[in-house]
Amino acid sequence: MSPLRGIALKLTSVVLFTVMASLIKASSAHVPTGEAVFFRSFFAMPVIVVWLAMRGDLSTGLKAKRPGLHVLRGLVGVTAMGCGFAALGLLPLPEVTAIGFAAPMMTVLLAAILLGERLRFFRLSAVILGLVGVTIVLWPRLTLDDVGGSAMLGVTLVLVSAVMRAMAQIQIRRMVATEETSAIVFYFSLTATGFSLLTLPFGWVIPEASVLLMLVGAGLIGGVAQIFLTSAYRFAGAAVVAPFDYASILFAILFGYFFFDEAPSAMVLIGSAIVIAAGGIIIWRERQLGMQRGKARPNMTPQG
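None of these values were measured; they are calculated from a predicted model.

What counts and what doesn't
Residues numbered from 1 in each chain as written. Predicted model: local features only at pLDDT ≥ 70, side-chain atom pairs only at ≥ 80, totals over all residues. Heavy atoms only, no water. Helix = DSSP H or I, 4+ residues; strand = E, 2+ residues; numbered from the N terminus. Buried < 20%, exposed > 50% of the residue type's maximum accessible area, 1.4 Å probe, protein only. Contact = heavy atoms within 4.5 Å. Areas by Shrake-Rupley, 256 points an atom, 1.4 Å probe, with all protein chains shown as cover. Lys, Arg positive; Asp, Glu negative; His and termini not counted. Charge placed at Lys NZ, Arg CZ, Asp CG, Glu CD. Salt bridge = Lys/Arg side-chain N within 4 Å of Asp/Glu carboxyl O. Axes fitted to C-alpha atoms, helices over the stretch in contact; angles between N-to-C directions. Parallel < 35°, antiparallel > 145°, perpendicular 65-115°, else oblique. Left-handed = near helix turned anticlockwise from the far one by under 90°. Nonpolar A, V, L, I, M, F, W, Y, C, P; charged D, E, K, R; others polar. Patch = residues over 30% accessible without salt bridge, like charges linked within 9 Å, V, L, I, M, F, W, Y side chains within 5 Å. Core = buried A, V, L, I, M, F, W, Y, C linked by side-chain atoms within 4.5 Å.

What is the right way to read the overall build of the chain from this model?
Within the chain, the secondary structure is distributed over 14 helices and zero strands. The order of helices and strands in the chain, counted from the N terminus, is α-α-α-α-α-α-α-α-α-α-α-α-α-α. Each of the 304 residues in the chain was classed as buried or not, and the buried ones make up 46%. Within the chain, residue pairs in contact and separated by at least 24 positions form 88% of the contacts whose partners lie at least 6 positions apart. Total accessible area computed for the chain in this model is approximately 14800 Å², and 70% of it derives from carbon and sulfur atoms. The averaged location of the 13 negative side-chain charges in the chain is 17 Å from the averaged location of its 22 positive side-chain charges.

Structure (structure tokens):
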């Protein structure tokens, strides 16, 4: 284990994912969302295949023991990606990032509902605090003037994306019992590419050279970011690297300001701070529970 290396890899992945989101946002006015999802997924696959080959995991990465689970994970994941990409064309980058922080809170709630995980006062309080932070970010949009407008549509899309991302995390938790991580990574890109092609009849366009470059770049960078993200957890535990997810709001603010002339409002900053605090509490609690589980007898029920 090398915590500093794991943190460095995690931060690099966060920066790369922010660059990818910026490229998608910049191209959103020129191509349909389904087409952007195709480029993001298709051009990530060569990067992932090369990475698997270099690690000697190509055989396991191409082997799916339960293909149906990969298809379901792909459907949920591509829905999350599509909604998130569409929202980038409607809302400022920092706002999309901040609202997207609802995903970890949703994951905790869905894990309790779908997986039967215990959700007691401590974690429930952190989830509620996080959702309060998201509500603060959303509050300026929750006016009658915005109902039916593009901003409200963008908010709805980000929230749907957050729920779908949480569902994807739940699905992955189930899959790791039978599927290799390398296979989960590869087949997500493959199934996402396939599902994105279903949007072809809805008006794909031939992008200009500059837009095409941005789309291909988003795919390649997204693939590299996924590799850095996966590699981070090889060198440090989740409790160490997971909090650095929240560094994305800092990079989103910088990219939004310098490339899209978007300055975050005070409500976005305050709400983001509250969500980050709540996420930190959840991560800390999960680490404590993990330590307790390691010491507990196998037949004891974890407390949470």
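From this point, the narrative continues.
Whenever I open this one, the pattern of salt bridges confuses me. Can you help?
Pairing of side chains with opposite charge becomes possible as their charged atoms draw close. As enumerated under the stated definition, the model contains three salt bridges in all. As a salt-bridge pair, Lys 10 and Asp 245 come within 2.7 Å of each other at their nearest N and O atoms. Taken together, the residues span a long stretch of sequence, with Lys 10 in helix 1 (residues 3-27) and Asp 245 in the loop between helix 12 (238-241) and helix 13 (248-260) at a distance of 235 residues. With relative accessibility at 1%, the residue Lys 10 sits in the buried group.

Mind showing me how you'd approach the packing of helix 2 (residues 33-42) against helix 11 (residues 209-235) here?
In a packed pair of helices, the relevant descriptors are the angle between the two axes and the axis-to-axis distance. At a closest axis distance of 7 Å, the pairing of helix 2 and helix 11 adopts a crossing angle of 45°. Considering their axes alone, helix 2 and helix 11 lie oblique with respect to each other. Crossing geometry of helix 2 relative to helix 11 is assigned as right-handed. For the pair helix 2 and helix 11, the contacting residues are Ala 36, Phe 39 and Arg 40 in the first and Leu 212, Leu 215, Val 216, Ala 218, Gly 219, Gly 222 and Gly 223 in the second. In terms of residue class, the contact of helix 2 with helix 11 is made up of six nonpolar, three polar and one charged.

I would appreciate a short explanation of helix 6 (residues 93-100) in the present structure.
Since the α-helix packs 3.6 residues into each turn, any two residues three or four apart lie on the same face. Of all eight residues making up helix 6, eight are buried, and the element is well covered by its neighbours. Those residues of helix 6 not exposed but buried are Leu 93, Pro 94, Glu 95, Val 96, Thr 97, Ala 98, Ile 99 and Gly 100.

What am I meant to see in the side chain of Ser 41 here?
As for its placement among the helices and strands, Ser 41 is situated in helix 2. Those residues within four positions of Ser 41 in sequence are excluded, and the remaining contacts are Met 81, Ser 189, Ala 192 and Thr 193.

Looking at this structure, I do not really get a nonpolar patch on the surface. What am I missing?
A surface patch of nonpolar side chains, about 340 Å² in accessible area, is lined by Phe 122, Leu 129, Ile 281 and Trp 284. Secondary structure elements with two or more residues in the nonpolar patch: helix 8 (121-138) and helix 14 (266-295). Relative to the elements of secondary structure, Trp 284 occurs in helix 14. You can call Trp 284 partly exposed: its relative accessible area is 44%.

How should the nonpolar core be read in this particular structure?
A general trend in soluble globular proteins is that nonpolar side chains are found buried together. Counting 54 residues, the largest nonpolar core has Phe 85, Leu 88, Leu 91, Ile 99 and Met 105 as the members making the most contacts within it. The element best represented in this core is helix 5 (residues 67-88), accounting for seven residues. Excluding its chain neighbours within four sequence positions, the residues that come into contact with Met 105 are Ala 126, Val 127, Gly 130, Leu 131, Tyr 246, Val 275, Ala 278, Gly 279 and Ile 282. Counting residues in each nonpolar core, the second largest holds 11 residues, with Ile 48, Trp 51, Leu 52 and Phe 186 among its members.

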